Amino acid sequence: MGYVIGVVVFVVGMLASIALHEVGHMVPAKKFGVRVSQFMVGFGPTIRSWTRGETEYGFKWIPLGGFVRLVGMYAPARPVPVGAEPRSGRFEEMAEDARAVSAEEIRPGEEPRAFYNLSAPKKLVVMLGGPFMNLVIAAVLLGIVTLGWGVATATSTLAAVVPCAPTTTAVSDTCASGAPVSPAAAAGLVPGDRVVEYGGERVDGWAELTERIAAVGPHLTSVVVERAGERLTLELVPAELTRTVVDAEGQPVLAEDGTPRTVTSTYVGVQPTVEADRSLAAVPQQLWAQVSGTARVVVTLPGQVWNVARTLVTGEDRSASSVMSIVGVGRVAGEVGTIGGDEVSVGDRVAVWLSLLANLNVALFVFNLIPLLPLDGGHVAGALYEGAKRQIARRRGRPDPGPADTARMMPVAYGVFVLLVGMSVLLVVADIVRPVTLG
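Chemist: Mind laying out the overall build of the protein chain, listing which residues take part and the relevant values?
Modeler: The helix and strand tally for the protein chain stands at 11 helices and 10 strands. The C-alpha atoms of the protein chain give 28 Å as radius of gyration, which overshoots the globular expectation for 439 residues (22 Å, by more than 25%). Projected onto its principal axes, the C-alpha coordinates of the protein chain cover approximately 85 × 60 × 50 Å. Classification of the 439 residues of the protein chain by burial places 40% in the buried group. Looking at the protein chain alone, contacts between residues at least 24 apart form 67% of all its contacts between residues at least 6 apart. Of the roughly 23800 Å² of accessible surface on the protein chain, a fraction of 62% belongs to carbon and sulfur atoms.

Chemist: So what's going on with the packing of helix 3 (residues 120–148) against helix 6 (residues 282–299)? Residues and values would help.
Modeler: Packing of helix 3 against helix 6 leaves a shortest axis separation of 10 Å and a crossing angle of 130°. Considered as vectors, helix 3 and helix 6 are oriented oblique to each other. Along this stretch, helix 3 crosses helix 6, giving a crossing that reads as right-handed. Seen from helix 3, the contacting residues are Leu135, Ala138, Ala139, Leu142, Gly143 and Thr146; seen from helix 6, they are Val283, Gln286, Leu287, Gln290 and Val291. Residue classes in the contact of helix 3 with helix 6 are distributed as 7 nonpolar, 4 polar and no charged.

Chemist: Explain the nonpolar core to me, and be specific about the residues and the numbers.
Modeler: If you look at soluble globular proteins, the nonpolar side chains tend to sit buried side by side. Residues Phe10, Leu70, Phe115 and Val126 are the most contacted members of the largest nonpolar core, which totals 50 residues. Listed in part, the 18 residues of the second largest apolar core include Ala187, Leu189, Trp206 and Ile213.

Chemist: How would you sum up the packing of aromatic side chains? Please name residues and give values.
Modeler: If you walk through the whole model with that rule in mind, you get 3 aromatic pairs. Ring geometry for Phe39 against Tyr57: centres 5.6 Å apart, planes inclined by 45°, an arrangement best described as tilted. Here Phe39 is found in strand 1 (residues 36–52), whereas its partner Tyr57 is found in strand 2 (residues 55–70), with 18 residues between them in sequence. On the accessibility criterion, Tyr57 (17% relative accessible area) is buried. Summarising the aromatic geometry, the rings of Phe43 and Phe67 are spaced 6.2 Å apart at their centres and angled 15° between planes, so their arrangement reads as stacked. Of the two residues, Phe43 sits in strand 1 while Phe67 sits in strand 2, which places them 24 residues apart along the sequence. On the accessibility criterion, Phe43 (34% relative accessible area) is partly exposed.

Chemist: Go over the pattern of salt bridges with me, naming the residues and quoting the values.
Modeler: This structure, assessed with the given rule, holds 18 salt bridges. A salt bridge links Arg35 to Glu110; the nearest nitrogen and oxygen atoms lie 2.9 Å apart. Of this pair, Arg35 sits in the loop between helix 1 (2–31) and strand 1 while Glu110 sits in the loop between helix 2 (90–104) and helix 3, and the two are 75 residues apart along the sequence. A relative accessible area of 6% places Arg35 in the buried class. For Glu110, a relative accessible area of 10% corresponds to the buried category. What emerges from the salt-bridge pattern is a single network uniting Arg35, Glu54, Arg107, Glu110 and Arg113.

Chemist: How would you explain unusual backbone geometry if you had to name every residue and give the values?
Modeler: Excluding glycine, residues mostly carry a negative phi; peptide bonds, for their part, are mostly trans. A cis amide bond, omega 10°, links Leu373 with the succeeding residue Pro374. With respect to the secondary-structure elements, Pro374 resides in the loop between helix 9 (346–368) and helix 10 (376–395).

Chemist: Lay out the side chain of Thr221 in plain terms, naming residues and giving numbers.
Modeler: Looking at the secondary structure, you find Thr221 in strand 6 (residues 221–227). Among the residues examined, Thr221 registers a relative accessible area of 6% and is labelled buried. A polar contact is formed between the side chain of Thr221 and the backbone nitrogen of Gly199, at a distance of 3.3 Å. The contact partners of Thr221, leaving out residues within four places of it in the chain, are Tyr198, Gly199, Val216, Leu234, Glu235, Leu236 and Pro238.

Chemist: Give a description of helix 3 that names residues and reports values.
Modeler: Between the first and last C-alpha of helix 3 there are 41 Å, a value that for 29 residues agrees with the 42 Å anticipated at 1.5 Å per step. A maximum bend of about 45° is found in helix 3 at Gly129, where proline Pro131 lies one to four positions downstream. Looking one or two residues past helix 3, Gly150 carries a phi angle of roughly 85°, positive in sign.

Chemist: Break down the packing of helix 3 against helix 9 for me, citing the residues and quoting the values.
Modeler: Each pair of packed helices can be summarised by the angle the axes make with each other and by the distance between the axes. Between helix 3 and helix 9, whose axes approach to 8 Å, the crossing angle comes to 160°. Between helix 3 and helix 9, the angle falls in the class roughly antiparallel. Remark: the crossing between helix 3 and helix 9 carries left-handed chirality. Of the residues in helix 9, those in contact with Pro131, Phe132, Asn134, Leu135, Ile137, Ala138, Leu141, Leu142, Ile144 and Val145 of helix 3 are Ala351, Leu354, Ser355, Leu357, Ala358, Asn361, Val362, Leu364, Phe365 and Asn368. Residue classes in the contact of helix 3 with helix 9 are distributed as 16 nonpolar, 4 polar and no charged.

Chemist: Would you mind going over a nonpolar patch on the surface in detail, with residue names and values included?
Modeler: There is a patch of nonpolar side chains on the surface, built from Val327, Phe417, Val418, Val421, Val425, Val429, Ile432 and Val433 and spanning about 690 Å² of accessible area. Among the residues examined, Val429 registers a relative accessible area of 37% and is labelled partly exposed.

Chemist: Pulling in residues and values, what's your account of the environment of Gly377?
Modeler: Locating Gly377 in the fold gives a position in helix 10. Of the residues examined, Gly377 reaches a relative accessible area of 3% and is grouped as buried. Distance in space between the C-alpha atoms of Gly377 and Leu128 is 8.0 Å, their sequence separation being 249 residues. Sequence-distant contacts of Gly377, defined by excluding residues within four places in its chain, comprise Asn368, Leu369, Ile370, Pro371 and Leu372.

Chemist: Could you give an account of the environment of Val145, with specific residues and numbers?
Modeler: Tracing the backbone shows Val145 in helix 3. C-alpha of Val145 to C-alpha of Gly303: the two residues are 158 residues apart in sequence and 32 Å apart in space. With residues up to four places along the chain from it excluded, the contact list for Val145 reads Gly150, Ala351, Leu354 and Ser355.

Chemist: Outline the confidence of the model for the protein chain, supporting the account with residue identities and numerical values.
Modeler: When pLDDT is averaged along the protein chain, the result is 87; 93% of the residues meet or exceed 70. Across the protein chain, the secondary-structure element scoring lowest on mean pLDDT is strand 8 (residues 239–244), at 78, and the one scoring highest is helix 3, at 94.

Chemist: Describe the side chain of Gln304, naming the residues involved and giving the relevant values.
Modeler: Within the fold, Gln304 resides in helix 7 (residues 301–314). Exposure remark for Gln304: the relative accessible area of 17% places this residue in the buried category. Apart from residues lying up to four places away in sequence, Gln304 is in contact with Val297, Ser321 and Val323.

What counts, and where the lines are drawn
- Residues numbered from 1 in each chain as written.
- Predicted model: local features only at pLDDT ≥ 70, side-chain atom pairs only at ≥ 80, totals over all residues.
- Heavy atoms only, no water.
- Helix = DSSP H or I, 4+ residues; strand = E, 2+ residues; numbered from the N terminus.
- Rg over C-alpha atoms; globule rule 2.2 N^0.38 Å.
- Buried < 20%, exposed > 50% of the residue type's maximum accessible area, 1.4 Å probe, protein only.
- Contact = heavy atoms within 4.5 Å.
- Areas by Shrake-Rupley, 256 points an atom, 1.4 Å probe, with all protein chains shown as cover.
- Axes fitted to C-alpha atoms, helices over the stretch in contact; angles between N-to-C directions.
- Parallel < 35°, antiparallel > 145°, perpendicular 65-115°, else oblique.
- Left-handed = near helix turned anticlockwise from the far one by under 90°.
- Nonpolar A, V, L, I, M, F, W, Y, C, P; charged D, E, K, R; others polar.
- Core = buried A, V, L, I, M, F, W, Y, C linked by side-chain atoms within 4.5 Å.
- Phe/Tyr/Trp six-rings, centres within 6.5 Å; stacked < 30°, edge-to-face > 60°.
- Salt bridge = Lys/Arg side-chain N within 4 Å of Asp/Glu carboxyl O.
- Polar contact = N/O pair within 3.5 Å; in protein donor to acceptor, adjacent residues only side chain to side chain.
- Expected span 1.5 Å × (residues − 1).
- Bend = angle between axes of the 7 residues up to and from the residue.
- Patch = residues over 30% accessible without salt bridge, like charges linked within 9 Å, V, L, I, M, F, W, Y side chains within 5 Å.
- pLDDT = per-residue confidence, 0-100.

Spelled out as structure tokens, the structure:
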């Protein structure tokens, strides 16, 4: 039952996110006078639809996105200059077909309401409205999780002092291996100490402390701590350790030349206390971390999809950080409903589900900003190009060049669409045959 609840929560949340994304496009479009003929959640055959005013609303069978049909998306072709040869070829036919379909949607006398007649700034507002809505949803969900459950945050209060300096990245709790005493233990630091100054500069939080440790390096430095309500000044000499990197099983990680990979760092030997931060100030940091992390995934997406395809062929286990389809994320949501049994509270499961939906909305925000048709970013790029051309023409005293002929990008749109469908099918198959699991 917990698995089913998790899947249902995710599916409902995903459909709501898609619908609100399209609302982000529809509301400003109608505000600017553009006729919106359709508002659909999903693709393919229609499950159910109804008409309100001049817009048909409905749901379709394939819940992998949605769309709003804005009348007059593509401007008519510009007149061919006298004496010039008209463009021809398959690509031009594709562009002309798109223009023809766009023109058919415009009712007699509705030409001023066509999308292509909007100014470049208004086009930007309409096309960015959808991704911006997803960003707002993500921020709201992260805010709910932060206020309700808090964000695990490392502090400068010490949870443990490691007794000896390790020789690998796997930290030992004892010095049985004969490793030297850790700098923190030698300086007299104890669990419960709150580090307030390091190397003469105030620190507030674990991130600032680790930055100061790295900046000062392996040199004698003063450390001010609060202990039992009093401030103590201790002297500490960090160690510079070159350690072997090991994996989760404790095995050395090999470099490209086959030798064990090593890392050199300034080592003190302390571990932080983790507390729940319920401050709304943590939300922008979380949001930025998710947006930047998702952007890095998008940049490396071809390589990651290739790795997924390789696991299907070789039978290898997929990495926990592997990209997933909607099916894979839904499976994870279901596992959240069952993993841990009675030891995990319903509230904690809800927090994870909300976090998953926040991640989904961040992914929708970032992915839709890719500057290629048929994604929103492609239309944004077209509006920016159009606005730049008009500004240049205005400054040079030339006539208004008119709307950008974005229909000429239809070959790119078809190519991107085929790639997206192929990638989606591959990831769905992988999520069924070689799924990523929480266990």
